[in-house]
Amino acid sequence: MKPSVGVVIPTRGERPELLAAAVAGVLDQEYDRRVRVVVVVDGGGGVLGPAEQIADVVAATRGSVRVVANRRAPGLPGARNTGIDELDTDLVAFCDDDDRWLPGKLAAQVAALEGEPEADFASCSIEVAYGSRLVPRQAGAERVTRADLARSRMVMVHSSTFLFRASAGYRADEGAPGGQNEDWDLALRAAARHPIVHVDRPLVRVRWGGSGYVARWADRIAGLEWMLARHADLETDPRGAARIYGQMAFHHAALGRRRAAGRWAWKAFSAHRREPRAAVALAVATGLVPARAVLGLLHTRGRGI
């Protein structure tokens with residue numbers, strides 16, 4: 001018999017149509033066992049209101065869906081952990097409320113995990129949806145190591161692709177500032193145990209541009225500082241370090257902190273002279289181009305800063 005699977009979908013109730021689509025994408029998976037879905041309401045301050053009203057939205061989808069309130073720390077990590085606490089399945093998966101699993105996602109990942117019994121964590125490639133554009137982002141590999149994730153954030157190792165063995169005991173770190181980088185942190189911790197099994201096909205559609213999450217510049221800075229403090233090896237690889245320093249420079253530039261942007265840009269150039277984010281950050285800091293315009297251009301190509 002195939003392993004049982006539970007899926008955690010956190011929501012604030014701000015996008016009911018997308019939430020319903022996310023639930024449907026999970027329930028539409030062809031799998032030999034019923035998939036349990038837990039929708040975790042974090043705050044319930046959106047247009048849908050409290051958990052009872054959100055339950056009405058997901059009730060329209062076929063299958064059994066449990067809706068609960070976040071009982072742990074407010075924010076995305078606490079919501080994920082509340083969902084994990086609700087499950088007694090063999091495998092646990094995540095899906096954000098504005099993303100959608102594509103046909104074959106679950107079966108392919110379960111097969112990949114079954115083919116490597118010592119592995120306990122799987123991901124897959126994604127399809128970035130930005131406006132009317134769909135851009136596939138693939139890894140070009142069937143294994144993702146901790147060194148890979150330190151050198152590059154690897155956007156395709158996205159939280160909505162995560163599938164892991166419940167027995168591994170993984171939890172999102174609720175100390176992540178503003179919920180920033182909690183998924184990268186979890187992937188790094190998983191890859192430290194064993195390379196992540198990766199299905200290199202775009203099997204999750206990830207929607208960009210629907211919230212201001214990516215433009216919360218101060219939170220982005222705090223999240224990167226938190227990661228550097230937790231994972232010293234992020235600064236070991238020159239390219240990986242330069243990427244983070246360039247991001248720090250860009251976020252400071254977006255906040256109008258020209259001096260700080262300059263300091264981080266210099267660190268990026270010093271670590272790896274070809275790091276493009278440093279030059280982009282300086283362009284933003286000097287007012288040549290707005291930060292949001294840079295993000296918009298990158299997002300049309302399925303990329304971020």
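The structure under discussion appears in the preceding block.
The sections below set out a description of the structure shown in this document. (Residues numbered from 1 in each chain as written. Predicted model: local features only at pLDDT ≥ 70, side-chain atom pairs only at ≥ 80, totals over all residues. Heavy atoms only, no water.)

## Structural notes on the pattern of salt bridges
- Per the counting criterion, the structure on display carries 28 salt bridges.
- Two residues, Asp183 and Arg153, come together in a salt bridge whose shortest N-O distance is 3.2 Å. With Asp183 in helix H6 (residues 182–193) and Arg153 in the loop between helix H5 (146–151) and strand E9 (163–165), the pair connects residues that are 30 residues apart, well separated along the chain.
- The buried category is assigned to Asp183, whose relative accessible area is 15%.
- Arg153 gets classed as buried once you look at its relative accessible area, which sits at 17%.
- One salt bridge connects Arg239 with Asp237, and the closest N-O pair in it is separated by 3.9 Å.
- Residue classification places Asp237 among the buried positions, given a relative accessible area of 18%.
- It is possible to trace a salt-bridge network through shared partners that takes in Arg72, Asp85, Arg171 and Glu174. (Salt bridge = Lys/Arg side-chain N within 4 Å of Asp/Glu carboxyl O. Helix = DSSP H or I, 4+ residues; strand = E, 2+ residues; numbered from the N terminus. Buried < 20%, exposed > 50% of the residue type's maximum accessible area, 1.4 Å probe, protein only.)

## Quick notes on the packing of aromatic side chains
- Enumeration according to the criterion identifies eight aromatic pairs in this entry.
- Plain terms: the ring middles of Phe94 and Phe162 are 6.3 Å apart, the flat faces sit at 40° to each other, and that makes the pair tilted. Residue Phe94 is located in strand E4 (residues 91–94), and its partner Phe162 is located in the loop between H5 and E9; the two are separated by 68 residues in the primary sequence. Assigned by exposure class, Phe94 and Phe162 land together as buried. (Phe/Tyr/Trp six-rings, centres within 6.5 Å; stacked < 30°, edge-to-face > 60°.)

## Let's talk about the pairing of strand E2 (residues 35–41)
- Counting buried positions over the seven residues of E2 gives six, a clear majority of the element.
- As judged from the seven bridges shared by strand E1 (residues 5–11) and E2, these two strands associate in the parallel manner. What sits directly across from Val8, in E2, is Val38.
- Once the chain exits E1 it traverses helix H1 (residues 16–27) before rejoining the sheet at E2, and the crossover so formed is right-handed.
- With five bridges connecting them, E2 and strand E3 (residues 65–69) associate as parallel partners. Bridge assignment links Val41 to a residue of E3, and that residue is Ala69. (Pairing = 2+ DSSP bridges. Right-handed = clockwise from strand over helix to strand, strands pointing away.)

## Examining the side chain of Asn181
- Summarising the element assignment, Asn181 is placed in the loop between E9 and H6.
- Filtering out sequence-adjacent residues up to four positions away, Asn181 remains in contact with Gly223, Leu224, Trp226 and Met227. (Contact = heavy atoms within 4.5 Å.)

## Here we look at the nonpolar core
- Membership of the largest hydrophobic core comes to 90 residues, with the highest contact counts inside it found for Val7, Ile9, Leu149, Val157 and Phe250.
- Take this core: its biggest share by element is seven residues, from helix H8 (residues 238–254).
- Ignoring sequence-local partners within four residues, the contact set of Ile9 consists of Leu19, Ala22, Val23, Val26, Val37, Val38, Val39, Val40, Cys95, Asp96 and Asp97. (Core = buried A, V, L, I, M, F, W, Y, C linked by side-chain atoms within 4.5 Å.)

## Regarding the pairing of strand E7 (residues 133–137)
- In the sheet, strand E6 (residues 121–130) pairs with E7 via five bridges, with the strands oriented antiparallel. Its bridge partner lying in E7, Glu127 is registered against Pro136.
- Between E6 and the antiparallel strand that follows it, E7, lie two residues; Gly131 among them carries a positive phi value of about 60°.

## Section: the environment of Arg220
- In this fold, Arg220 is placed in helix H7 (residues 217–230).
- Here Arg220 falls in the buried class, since its relative accessible area comes to 19%.
- The spatial distance from the C-alpha of Arg220 to the C-alpha of Asp96 is 19 Å, given a sequence separation of 124 residues.

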